[in-house]
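# Secondary and tertiary structure notes
Residue strings, one per chain:
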Amino acid sequence: RRSRGEEVLRLSDGGLHINAPVPALLRPDRRADLIVLLDARPRAGEGDDDESLDVLKPSQEYAAKAGLPFPKCTPELMSGVGRRPCTVLRPSPPSPDGCGGGGGGGGGGGWAGPTVAYVPLRRDERVDAELDPATTEWCVFTECAYEPARFRRLVKLAEANAAECRDTLLQTLRDALQQRRE
């Protein structure tokens, strides 16, 4: 039971098939210019690149099967993606027929598809020296509920991770807005 004035934050996991809400964001009628993926899986920031590919590569494959544009996850770009604060995947320019490049078909109208900014949940000792998402036992995301103090710790870490790449995210947003205007 909540007292009056108590704030309630409800979060919903958008990842059904590929552990990210990408299919809903790629719907042709949305024409999303920018998708920011805050990967909150506990092993996202670990050194194993394949963990991060659990979100990005399946998103690219989904888009290709559905004929939708999605940036290419090249081996060069994906190397070390889970260790970087932020990785930006940009769509290929539209082809002369108006279809987007990247992972699939088009959307027409010169729209090349979304830019994707990927931000993994990574350990940050400056924020919480004891919290390592890859090894902290209670930090598995199969739990249905978190104790409020633990939840606040996770949010604080996620905020710090996003803040670390603030300038990159803002520039990526500016670029997406400029692209939309053109």
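Attention in this report is confined to the structure presented alongside it. (Residues numbered from 1 in each chain as written. Predicted model: local features only at pLDDT ≥ 70, side-chain atom pairs only at ≥ 80, totals over all residues. Heavy atoms only, no water.)

### Brief notes about the sheet that holds strand β1 (residues 34-39)
Two pairing modes exist for strands in a sheet, parallel and antiparallel, and in both the strands are linked by backbone hydrogen bonds. To keep it simple, the criterion reads: Between any two strands, pairing holds if DSSP finds at least two bridges. Note on conventions: DSSP H or I runs of at least 4 residues are helices, E runs of at least 2 residues are strands, and numbering of each starts at the N terminus. Between the N-to-C directions of two axes lies an angle of 0 to 180 degrees, each axis being a line fitted to C-alpha atoms and, for a helix, fitted only over the stretch in contact. Note on definitions: a residue-residue contact is assigned when non-hydrogen atoms from the two residues lie within 4.5 Å.
A sheet is described by the order of its strands in space; here three strands give the open sequence β1-β3-β2, paired in mixed fashion. With one partner strand each, in any of the chains shown, β1 and β2 (87-89) form the two edges of the open sheet. Each strand of the sheet is rotated relative to its neighbour by a mean of 20 degrees, with strand direction disregarded. Pairing geometry for β1 and strand β3 (residues 115-120), over six bridges, is parallel. By the bridge assignment, isoleucine 35 is partnered in β3 with valine 116. Sheet strands in contact with helix α5 (residues 166-181) are β1, β2 and β3, and its direction is about 155 degrees off that of β1.

### Some thoughts on the pattern of salt bridges
Between side chains of opposite charge, pairing is possible as soon as their charged atoms come close. Definition in use: For this analysis, a salt bridge means a side-chain nitrogen from Lys or Arg found within 4 Å of a carboxyl oxygen belonging to Asp or Glu.
If you walk through the whole model with that rule in mind, you get nine salt bridges. The closest approach of N and O atoms between arginine 166 and aspartate 167, which form a salt bridge, is 3.5 Å. Via salt bridges that share partners, Arg123, Glu125 and Asp132 belong to a single interconnected network.

### Digging into the environment of arginine 90
Note on placement: arginine 90 falls in the loop between β2 and β3. Separated by 56 residues in the primary sequence, arginine 90 and leucine 34 place their C-alpha atoms 9.3 Å from one another.

### Considering the environment of methionine 78
With respect to the helices and strands, methionine 78 occurs in helix α3 (residues 75-78). Separated by 22 residues in sequence, methionine 78 and leucine 56 place their C-alpha atoms 9.0 Å apart.

### Here we look at unusual backbone geometry
A positive phi is found at arginine 31, a non-glycine position, where the angle reads about 45 degrees. The residue arginine 31 is located in the loop between α1 (22-25) and β1 in this model.

### Observations regarding the state of the cysteines
Going by this rule: Disulfides are defined as pairs of cysteine sulfur atoms found within 2.5 Å of each other. Residue burial is assigned from relative accessible area. The probe radius is 1.4 Å, only protein chains are included, and a residue is buried under 20% of its type maximum, exposed over 50%, and partly exposed in between.
Per the counting criterion, the structure on display carries zero disulfides. A disulfide-free cysteine, cysteine 86 has its sulfur positioned 4.1 Å from the sulfur of cysteine 165, the nearest such atom. With a relative accessible area of 13%, cysteine 86 lands in the buried category. On the basis of relative accessibility, which here comes to 3%, the residue cysteine 165 falls in the buried class.

### What about helix α4 (residues 148-164)?
In an α-helix, one turn spans 3.6 residues; hence positions three or four apart end up facing the same way. Counted only if it meets this: One less than the residue count of a helix, multiplied by 1.5 Å, gives the span that helix is expected to have. As used here, the arc belongs to the directions running from the helix axis to the C-beta atoms.
Taking 1.5 Å per residue as the helical rise, α4 with its 17 residues ought to reach 24 Å, and the 24 Å between its terminal C-alpha atoms agrees with that figure. Among all positions of α4, only Leu154, Leu157, Ala160 and Asn161 are buried. Take α4 and look down its axis: the buried residues cluster within an arc of 125 degrees, on one side only. Opposite its buried face, α4 presents the exposed residues Pro148, Arg152 and Glu159, each directed more than 90 degrees away. Buried residues belonging to α4 abut β3.

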